[in-house]
Amino acid sequence: MRPKTYWHILKNSFSSSAYYLKIIKAPFWLSLRFFLLSMILLGISWATRINQRFIPNLQDQALITLEQLEKNYPENLKITWTGKELEIIPAEILEISYPKNFEIDSQFPTLLAYISPDKLEINQFKDRFEHESLIIITPKELFINNLQDSWTQAPLSELLPTDTATTPLTKESLPNYLDQIKAFFINLLSLTKQINYLAMPLLILLIMLWMGLIESIFLFLFFKLNQINLNFKKTYQLSLHLTVVAETINQVTAWIYPQIQLPMFTLSFWIILIYVFLTQKKNFLILKK
């Protein structure tokens, strides 16, 4: 699609309610090409927002968490992975609180984790631990709280190397481990930023194709209730244009007001549709024939 043609369709989709009557009469493939190109651009916008706002915030929170871990790690604590199980010296239950910068939802347990030097079964947790936690680590098992009175269990041998023992984790060796984690995490985020520019356009394309289809079903029923003779293919074509406009409004709102909780896509889609229908009602009624 030529840039001039694309801009003409985009401008009129936002500014002219009468233009939606022309959309109905236009070839379906013209609307589909407009939709595909729009989703690529909106996907790039989505990726840019994630890369500029979410990922830097995630990186900052992770680095602050690692700094807190290094600062608060007990002087006499020694944790060793033997290749088969964890050895904890001194052999005491460790309580791990949430990082200070972590926003705790009300449904989350009181503590982030317990590390127990003893082998335990799930039915023993309530007797051994004073508070509920999100994670429990025993010498051979990792337990994750599903927040629904159940636990997911995984052997540590599936998560950690089993061929050799690792260097004991102590106050002195911790900085070396954290430097490796920081380097890995930063490289991972950098790779994620690059992948986002490929993945987000594809993801938003699939999501909006589905959303447009769902909305077109309700739109088709809306037209039938108002005795508008429009087949489903043309209804879906109209829905594709409305989807582009609604998602553009949704993303602009997310850029300007990132904390907003309103379902802007759905609100925009139906407000625009109702406005177009009311202002062009006479022309729509012609479709009865």
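Residues numbered from 1 in each chain as written. Predicted model: local features only at pLDDT ≥ 70, side-chain atom pairs only at ≥ 80, totals over all residues. Heavy atoms only, no water.

Student: It is not clear to me how the overall build of the protein chain should be interpreted in this structure. Could you clarify?
Tutor: Scanning the protein chain from terminus to terminus reveals 8 helices and 7 strands. Viewed in the frame of its principal axes, the protein chain has a C-alpha envelope of about 85 × 40 × 35 Å. Counting across all 289 residues of the protein chain, residues that qualify as buried make up 36%. In the protein chain, 58% of the contacts between residues at least 6 apart in sequence involve partners at least 24 apart. Within the structure as shown, the protein chain displays about 17700 Å² of accessible surface, and the carbon and sulfur contribution to it stands at 61%. Charge centroids of the protein chain, computed over 26 positive and 23 negative side chains, lie 30 Å from each other. (Helix = DSSP H or I, 4+ residues; strand = E, 2+ residues; numbered from the N terminus. Buried < 20%, exposed > 50% of the residue type's maximum accessible area, 1.4 Å probe, protein only. Contact = heavy atoms within 4.5 Å. Areas by Shrake-Rupley, 256 points an atom, 1.4 Å probe, with all protein chains shown as cover. Lys, Arg positive; Asp, Glu negative; His and termini not counted. Charge placed at Lys NZ, Arg CZ, Asp CG, Glu CD.)

Student: Is there a simple way to explain the sheet that holds strand β4 (residues 111-115) in this structure?
Tutor: Hydrogen bonds between backbone atoms are what pair the strands of a sheet, whose relative direction is either parallel or antiparallel. Spatially, 5 strands are ordered β3-β4-β5-β6-β7 in an open sheet, and the strand pairing comes out mixed. For this open sheet the edge positions go to β3 (94-96) and β7 (151-155), each flanked by a neighbour on one side alone. On average, each strand axis in the sheet is tilted by 15° relative to the strand beside it, whichever way the strands run. With 3 bridges connecting them, β3 and β4 associate as antiparallel partners. The residue of β4 that forms the bridge with L94 is I115. (Pairing = 2+ DSSP bridges. Axes fitted to C-alpha atoms, helices over the stretch in contact; angles between N-to-C directions.)

Student: Got a minute to help me understand the packing of aromatic side chains in this structure?
Tutor: The relative placement of two aromatic rings is captured by the distance of their centres and the angle of their planes. In this structure the tally under the stated criterion is 14 aromatic pairs. Ring geometry for Y6 versus F34: centroids 5.2 Å apart, planes at 35°, classification tilted. Taken together, the residues span a long stretch of sequence, with Y6 in helix α1 (residues 3-15) and F34 in helix α3 (residues 28-72) at a distance of 28 residues. Of the two residues, Y6 and F34, neither departs from the other in class, the shared state being buried. (Phe/Tyr/Trp six-rings, centres within 6.5 Å; stacked < 30°, edge-to-face > 60°.)

Student: What exactly am I supposed to notice about the pairing of strand β6 (residues 141-145) here?
Tutor: Strand residues, when the strand is regular, have side chains that alternate between the two faces of the sheet. As judged from the 3 bridges shared by strand β5 (residues 133-137) and β6, these two strands associate in the antiparallel manner. When the sheet's bridge partners are listed, I137 is paired in β6 with L142. When β6 meets β7, the two strands line up antiparallel, connected through 5 bridges. Following the sheet pairing, E141 is matched in β7 by P155. Hairpin geometry of β6 and β7 is characterised by an intervening segment of 5 residues between the two adjacent antiparallel strands and by a positive phi of about 65° at L147.

Student: Even after reading the chapter, I still don't get the side chain of S17, so can you show me in this structure?
Tutor: Tracing the backbone through its elements, the reader meets S17 in the loop between α1 and α2 (19-25). One polar contact links S17 to Q280, side chain to side chain, over a distance of 3.1 Å. With near-sequence residues (within four places) excluded, S17 lies in contact with Y275, V276, T279 and Q280. (Polar contact = N/O pair within 3.5 Å; in protein donor to acceptor, adjacent residues only side chain to side chain.)

Student: Quick question: what am I supposed to make of the pattern of salt bridges here?
Tutor: Side-chain pairs of opposite charge can arise where the charged atoms are in close proximity. If you walk through the whole model with that rule in mind, you get 2 salt bridges. Note that E85 and K119 form a salt bridge whose closest N and O atoms lie 4.0 Å from each other. Within this pair, whereas E85 is found in the loop between β1 (78-81) and β2 (86-89), its partner K119 is found in the loop between β4 and α4 (125-128), the two being separated by 34 residues in sequence. Accessibility expressed as a relative area gives 56% for K119, which makes it exposed. Between D118 and R128 there is a salt bridge, and its shortest N-O distance comes to 3.0 Å. Of this pair, D118 sits in the loop between β4 and α4 while R128 sits in helix α4, and the two are 10 residues apart along the sequence. For D118, a relative accessible area of 35% translates into the label partly exposed. Residue classification places R128 among the partly exposed residues on the basis of a relative accessible area of 36%. (Salt bridge = Lys/Arg side-chain N within 4 Å of Asp/Glu carboxyl O.)

Student: Can you help me understand the environment of F223 in this one?
Tutor: Here F223 shows up in helix α5 (residues 174-225). Along the primary structure F223 and T235 are separated by 12 residues, whereas in three dimensions their C-alpha atoms are 8.7 Å apart. Discounting residues that sit within four places of it in the chain, F223 has contacts with I228, L230, T235, L238, F277 and F284.

Student: What's the story with α1 in this structure? I'm lost.
Tutor: In an α-helix, one full turn covers 3.6 residues, which means residues spaced three or four apart are oriented alike. Under the 1.5 Å per step criterion, the end-to-end length of α1 is 18 Å for 13 residues, consistent within 8% with the ideal 18 Å. Inspection of α1 places Y6, I9, L10, N12 and S13 among the buried residues, and these make up the whole buried set. Contact partners of the buried residues in α1: α2, α3 and α6 (232-256). (Expected span 1.5 Å × (residues − 1).)

Student: How should I be thinking about the pairing of β2 in this particular structure?
Tutor: Residues of β2 alternate between two faces, with L86 and I88 buried on one and E87 and I89 left unburied on the opposite face. Counting the residues between successive antiparallel strands, the hairpin from β1 to β2 contains 4 residues, one of them, G83, with a positive phi of roughly 105°.

Student: What exactly am I supposed to notice about unusual backbone geometry here?
Tutor: When glycine is set aside, most residues are seen to have a negative phi, and most peptide bonds are trans. With an omega of -5°, the peptide bond between I89 and P90 qualifies as cis. Within the secondary structure layout, P90 lies in the loop between β2 and β3. Of note, the phi angle at L147 is positive, near 65°, even though the residue is not glycine. For L147, the location among the structural elements is in the loop between β6 and β7. A residue is classified by how much of its surface remains accessible, and L147, at 32% relative accessible area, is partly exposed.

Any link to function would need more than the numbers given here.
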